Amino acid sequence: MNSSAPETTPLVKLRSITKTFGERKVLDSLDLDLKDGEFVTLLGPSGCGKTTVLRLIAGFEDPDAGTITLENAALQHTPAHLRPVNTVFQSYALFPHMNLYDNVAFGLRMEKVPKAEIHERVREALEMVQLAHLSDRRPDQLSGGQQQRVAIARAVIKRPRVLLLDEPLSALDYKLRKQMQNELKRLQRRLGITFVFVTHDQEEALSMSDRVVVMREGGIEQIGTPREVYESPSTLFVARFVGEINQLAARVERPSTTPGRIHVEVLGKSLELSSHGREYLGGEAVQVLLRPEDMRLKSAEDSEGFAARVIERNYKGMTLDTVLELDSGQQLLASEFFDEDDPDFDYRLGERVKVSWVPDWEIILPDDAP
Ligand code: ATP
């Protein structure tokens, strides 16, 4: 990241937001900035408060404490329908008795926008989601993906500054979901509207977002680009939630004579690893974290790596996933691109191998990292 680049003023700022339902504190002193024109995803397990954040920005809920501003003007006393914010719900919430045209025109008619302008804007919105040719159909005559696009056209026609999307793709089948992910991303870029997208699907969050906000129990665990949260998770929770991870208990022995490197004892071996820019004390307990796709398998005779036994092999099309058991009994997952011509791929169940990883692709976190 270029630290000298000017930071743009956030479009929306949430500060010290606390929200309680009954006895339950759902959000606890949460701070969040949304930049103008970015695609932000709130990612986290069920019940961590993602939807509540959206509902507060939309104005469907009020915070117990804290402030929400849009371009530095306080939002929290502005009623939902007067906020430059729109929401696309998982259920699409289309009017079943109206055709597409009327569904999309509804909001502008309520605002008494002149007829000619409504016509122009509805046409433009339906073209944008490639449904102009179906404008006479009712929602029940459309596929799930098409209904989804109508819901988006209806939400963006009022030209909001912020569009909130609450798991809008979760009802779609896998293929359509992938296609809609790309469509939504393209649409967001074209419109330049800030999208705040909620999902508990980590792959969806990584592939769509400019920034990912990883939430846990009413707070924010980490905010970063998809690569930052995947490759440099700041906590064990993030490392585990954003993809699969192998975890090895280890101990820092001492700094290396090579700057930026440390000697670490892992599974009884002394390895020289990158310190990834952190300072460590000799003797410090750490966790060495490894993504399955960074693991490498070699034959048992190889001088490098840790001895292990193949206990499971799962062919996944693009990759071959191998579950390994170390001599300590700990299991590791290795995911490698499938290559029939590579002799190293020909491991059998029960076979002994050596497992290592791509140098410097490990993640190191303090042992007591949450
Ligand atoms: P999911 O992925 O399951 O939708 P989420 O991260 O969006 O979860 P929220 O819907 O924000 O989570 O809910 C957070 C917590 O607040 C949950 O325990 C939920 O039951 C509770 N909650 C949300 N809305 C209300 C409400 N109106 N009244 C009482 N409790 C609520």
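Within any chain, residue numbers begin from 1 and follow the written order of that chain's sequence. Residue-level local features of this predicted model are given only where pLDDT is at least 70; pairs of side-chain atoms are given and counted only at 80 or more, and the full residue set underlies all totals for whole chains, interfaces and linings.

A. Expanded view of the overall build of the protein chain. Segments assigned H or I by DSSP are reported as helices when at least four residues long, segments assigned E as strands when at least two residues long, and all are numbered from the N terminus. Across its full length, the protein chain holds 8 helices and 20 strands. The exposure scheme places C-beta atoms from the backbone and then counts, for each residue, the other C-beta atoms within 10 Å of its own, assigning buried at 20 or more, exposed at 12 or fewer, and partly exposed in between. Across the 370 residues that make up the protein chain, the buried fraction comes to 32%. When contacts within the protein chain are restricted to residue pairs at least 6 apart in sequence, those whose partners lie at least 24 apart make up 65%. We call two residues in contact if the C-beta atoms placed from their backbones are at most 7 Å apart.

B. Spotlight on the pairing of strand E4 (residues 65-70). In this structure, strand E1 (residues 12-21) lies alongside E4, joined through 5 bridges in antiparallel fashion. Bridging across to E4, Leu-14 finds its partner in Ile-68. As paired elements, E4 and strand E5 (residues 73-74) share 2 bridges and run antiparallel to each other. Paired with Thr-69 across the two strands is Ala-74, which belongs to E5. A strand pair is defined by DSSP finding two or more bridges across the two strands. Here E4 folds back onto E5 in antiparallel fashion, the turn holding 2 residues, of which Glu-71 has a positive phi close to 45°.

C. Main features of the pairing of strand E8 (residues 194-199). Within E8, 6 of the 6 residues are buried, which leaves the element mostly enclosed by the surrounding structure. Alternating positions in E8 separate into two faces, Thr-194, Val-196 and Val-198 on one and Phe-195, Phe-197 and Thr-199 on the other, with burial throughout. Alignment of strand E3 (residues 39-43) against E8, held across 5 bridges, turns out to be parallel. Note on E8: the bridge partner recorded for Phe-39 is Phe-195. Looking at chain direction, strand E7 (residues 162-166) and E8 are connected through 5 bridges and run parallel. Note on E8: the bridge partner recorded for Asp-166 is Val-198. Once the chain exits E7 it traverses helix H5 (residues 174-191) before rejoining the sheet at E8, and the crossover so formed is right-handed. Think of it like this: strands point away, you trace from the first strand over the helix to the second, and a clockwise trace means the crossover is right-handed.

D. Inspection of the domain arrangement of the protein chain at higher detail. Domains are outlined according to an automatic or database domain assignment. Taken domain by domain, the protein chain comprises domain 1 (12-241) and domain 2 (246-366). A separation of 39 Å is found between the C-alpha centroids of domain 1 and domain 2. Contact with domain 1, which involves 4 residues of that partner, is made by 4 residues of domain 2. Classification convention: Asp, Glu, Lys, Arg as charged; Ala, Val, Leu, Ile, Met, Phe, Trp, Tyr, Cys, Pro as nonpolar; all other residues, Gly among them, as polar. Of the residues assigned to the side of domain 1 that touches domain 2, the class counts are 3 nonpolar, 1 polar and no charged.

E. Main features of the confidence of the model for the protein chain. What pLDDT conveys is the predictor's confidence in a given residue, as a value from 0 to 100. Chain-level pLDDT for the protein chain is 90 on average; 97% of the residues reach the 70-or-more range. For the protein chain, the element scoring lowest by mean pLDDT is H5, at 86; E3 scores highest, at 98. Low pLDDT, under 50, characterises residues 1-5; the predicted model gives this stretch 0 contacts beyond four residues in sequence or across chains. The ipTM for the predicted assembly is 0.95, set against a pTM of 0.89.

F. Up close: the environment of Ala-300. Mapping Ala-300 onto the fold places it in the loop between strand E15 (295-299) and strand E16 (306-315). The spacing of Ala-300 and Leu-75 is 225 residues in sequence and 63 Å in space, taken between C-alpha atoms. The residues touching Ala-300, leaving out its near neighbours within four places in the chain, are Ala-307, Arg-352, Val-353 and Lys-354.

G. Structural detail: helix H2 (residues 100-110). Along H2, the residues classified as buried are Leu-100, Tyr-101, Asn-103, Val-104, Ala-105 and Leu-108. Buried residues along H2 sit in contact with helix H3 (115-128) and helix H4 (144-156). Positive phi appears at Lys-112, one or two residues downstream of H2, with a value of about 55°.

H. Spatial organisation of the packing of H4 against H5. Interaxial distance between H4 and H5 falls to 11 Å at its minimum, and their mutual angle equals 20°. Compared by their axis directions, H4 and H5 come out roughly parallel. Here H4 and H5 pass one another in a crossing that is right-handed. In this structure, H4 uses Gly-144, Gly-145, Gln-148, Ile-152 and Val-156 to contact H5, whose residues at the interface are Leu-176, Met-180, Leu-187 and Leu-191. Within the contact of H4 with H5, the residues separate by chemical class into 6 nonpolar, 3 polar and no charged. Axis definition: a line fitted to C-alpha atoms, limited for helices to the stretch in contact. Angles are taken between N-to-C directions and run from 0 to 180 degrees. In these notes the angle categories are as follows: under 35 degrees is roughly parallel, over 145 is roughly antiparallel, 65 to 115 is roughly perpendicular, and the rest is oblique. Each helix crossing is assigned a hand: it is left-handed if the near helix lies turned anticlockwise from the far helix by less than a right angle, otherwise right-handed if that turn is clockwise.

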